[in-house]
Amino acid sequence: MNLSGAGAQARPADRPGVSSGSVASDQIRGAYSLIVVANRLPASQVVQPDGKVEWQPSPGGLVTALEPVMRASAGAWVGWSGSPGPAPEPFDADGVRLVPVELSDQDVEMFYEGFSNGTLWPLYHDVIAPPQFHRHWWEAYCAVNERFAQAAAGQAAQGATVWVHDYQLQLVPALLRQRRPDLRIGFFNHIPFPGYEIFAQLPWRRQIVEGLLGADVVGFQRRADVTNFLRACRRAAGARTSGGIVRVPERADGGERDGSGEVGASKAQGRRVSAACFPISIDSAAFGELARREDVRARSRQIRQELGDPQVLLLAVDRLDYTKGILHRLRAYEELLDEGRLAPPESVFVQVAAPSRERVLEYQSLREDVEAVVGRINGEHATLGQPAVHYLRHSYPREEMAALYMAADVMVVTPLRDGMNLVAKEYVACRQDELGALVLSEFTGAADELGSAFLVNPHDIEQTKDAIMRAVQVAPSQARRRMRSLRKRVRIFDVDRWATDFLRALNGPDPDSHSVGSRLHEG
Ligand code: GDG
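In this report, the structure presented in the accompanying data block is examined. Remember, predicted model here, so these are calculated numbers, not experimental data.

**Overview of the site of the ligand**
So, point 1. Residues in contact with the ligand amount to 20 residues; listed here are only the nearest, His190, Tyr396, Asp418, Leu422 and Glu426.
So, point 2. Glutamine 221 places a side-chain nitrogen or oxygen 3.1 Å from an oxygen atom of the ligand.
So, point 3. Considering the ligand on its own, with 730 Å² of exposed area, one finds that the protein chains cover 79% of that surface.
So, point 4. The set of elements that each furnish at least two residues to the shell around the ligand consists of helix 12 (398–407) and helix 13 (422–430).
So, point 5. Tallied by class, residues from the shell around the ligand come to 9 nonpolar, 6 polar and 5 charged.

Written out as structure tokens, the structure reads:
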């Protein structure tokens, strides 16, 4: 996304009613026919050493997938800039309107770090870490969701499509529908939706489900997430479901509550909300192109050289997050070294751990634990100049990531729970040589699609060790067969296909056809 023209360029004069502020009055209709609402804008505000504020694009699969369709259909993106404080004015970047929403320091602490990442994130990831329930965090979550809904309502043209993303904004669909019943509203959850026994712990479970049911289509990564959500609709909100359709009684004014406080308590036939799975993917062609670039290929060879030309290079790439199973993975590798099944310098393990949520306590203690284990393994197994584990707590440019993927013989992706896991798909997309092997946790969304990987239960350390060894020792012909099958899947089901399927389900004529997304899991 080119931000060189950033700074409130005017939209074409023939588009009526463009609102000028980031927060519009409920009465104002905007000019945009496709609005993405996500916690973060596809660009961040960065303060330069001289105090000048600049926008830097933060490209990701979502932006890449949505940019063309947003440009073609007068698109706007509502989100936070990444800096606390007053929101800058909306501006255009490469034909897409960016609409910053304000988050104060307190919002960042209570809405983002608090309710989103201290309550919902651990709860939705099978309580790997204990979720914290605080009423003042919930209040901040409600207030910030209102702000996002209001900003989106002010930008959307009559009958526009609004696509809301992720767990930080689960109340937005219903808040938006209250203001703008004319809109088509979609919601996509990037992280898992937990089983009801876990979800039921949430003191605000009914409100969350009702918030989501403001959408026309609620999308998830896996079929299991859809099943969990449908159960939550029945149990927490008393709604009726049939297949993937939830019935939400409608009031004349477009709101879905019937006055009794329960969704589904009055009119049997009401608005139909479709729940389906749409497994997200990557821009496979772009990764393929990166992997063909001579400079990237040269860098990949150089990485192996710098690591001492090991026989086996194992790689893991994660945000430094307790859901990613980094400690379990290190333990498996450590035991393989202890048992002499792998031995440096012939085998080398590279763990890239991108810094993440560093102000949240659990993330600080995870970092300490990981660094202690890395220190222990190297203390025991490294020789001078030849560490057994290369621990890199950095973020790298995409070119470097692609070079690392191409250099690795075995990619170890072993989260304890993960909505999808794009790293696994990126590795596959970069392996034009059809070599390399993927060890993949069965608790990732990706495992539903990438059955030709070496699948493991990451809690089972013996099984993980065996899977790593099978991947290390796999015969080239078998490795190639597996990689071909993985590559076919990732090539066909790319991020473009994901976005197209979701938007087709949202805007298609027949709501029952929304289950199209579910078919993606087969094969
Ligand atoms: C959430 C869900 C779901 C990582 N380090 C660097 C870097 N990355 C990039 C990877 C990948 C992305 O970050 C991570 O995506 P994941 O899918 O692996 O995980 P989450 O961040 O937890 O994402 C997840 C996803 O949303 C999408 O719906 O799959 O389940 O948890 O693209 O490449 N990129 C660069 N440098 C790094 O150092 N450039």
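**Here we look at the packing of helix 10 (residues 326–338) against helix 11 (residues 361–381)**
So, point 1. One can describe the packing of helix 10 onto helix 11 by two numbers: an axis separation of 10 Å at closest approach and a directional angle of 10°. What the angle tells us is that helix 10 and helix 11 run roughly parallel. Along the contact surface, helix 10 presents Ile326, Leu327, Leu330, Glu334, Leu337 and Asp338, while helix 11 presents Leu366, Asp369, Val370, Val373, Val374, Arg376, Ile377 and His381.
So, point 2. Class assignment of the residues belonging to the contact of helix 10 with helix 11 gives a composition of 9 nonpolar, 1 polar and 4 charged.

**Structural notes on the packing of aromatic side chains**
So, point 1. Overall, the coordinates contain 24 aromatic pairs when judged by the stated rule.
So, point 2. Taking 5.5 Å as the distance between ring centres and 85° as the angle between the ring planes, the aromatic pair formed by phenylalanine 193 and phenylalanine 229 counts as edge-to-face. Placement of the pair is phenylalanine 193 in the loop between strand 8 (184–188) and helix 5 (196–199) and phenylalanine 229 in helix 7 (residues 223–237), with a sequence separation of 36 residues. Both residues of the pair, phenylalanine 193 and phenylalanine 229, count as buried.
So, point 3. With 6.4 Å between their ring centres and 50° between their planes, tyrosine 196 and phenylalanine 199 make a pair best called tilted. Here the residue tyrosine 196 and the residue phenylalanine 199 both occupy positions in helix 5, the gap between them amounting to 3 residues, near one helical turn. We note that tyrosine 196, like phenylalanine 199, is buried.

**Describing the sheet that holds strand 14 (residues 347–354)**
So, point 1. If you trace the 6 strands from one edge of the open sheet to the other, you get 15-14-13-16-17-18, paired in parallel fashion. The sheet is open, and its two borders are formed by strand 15 (389–392) and strand 18 (454–456), each paired with just one other strand. The average angle at which neighbouring strand axes cross in this sheet is 20°, direction not considered.
So, point 2. One ladder, built from 2 bridges, connects strand 13 (residues 312–319) with strand 16 (residues 410–413); its direction is parallel. Across the sheet, leucine 315 pairs through a bridge with methionine 411, a residue of strand 16.
So, point 3. Sheet strands touched by helix 12: strand 13, strand 14 and strand 16. Its angle to strand 13, the strand with the most contacts, is close to 140°.

**Some remarks on helix 4 (residues 172–179)**
So, point 1. In terms of residue burial, helix 4 counts as a mostly covered element, since 7 of its 8 residues are buried.
So, point 2. Of the residues making up helix 4, those classed as buried are Val172, Pro173, Ala174, Leu175, Leu176, Arg177 and Arg179.
So, point 3. Next to the buried residues of helix 4 lie helix 3 (135–155), strand 7 (156–165), strand 8, helix 6 (205–212) and strand 12 (271–277).

Procedures and definitions
- Residues numbered from 1 in each chain as written.
- Predicted model: local features only at pLDDT ≥ 70, side-chain atom pairs only at ≥ 80, totals over all residues.
- Heavy atoms only, no water.
- Near = heavy atom within 4 Å.
- Polar contact = N/O pair within 3.5 Å; in protein donor to acceptor, adjacent residues only side chain to side chain.
- Areas by Shrake-Rupley, 256 points an atom, 1.4 Å probe, with all protein chains shown as cover.
- Helix = DSSP H or I, 4+ residues; strand = E, 2+ residues; numbered from the N terminus.
- Nonpolar A, V, L, I, M, F, W, Y, C, P; charged D, E, K, R; others polar.
- Axes fitted to C-alpha atoms, helices over the stretch in contact; angles between N-to-C directions.
- Parallel < 35°, antiparallel > 145°, perpendicular 65-115°, else oblique.
- Contact = heavy atoms within 4.5 Å.
- Phe/Tyr/Trp six-rings, centres within 6.5 Å; stacked < 30°, edge-to-face > 60°.
- Buried < 20%, exposed > 50% of the residue type's maximum accessible area, 1.4 Å probe, protein only.
- Pairing = 2+ DSSP bridges.

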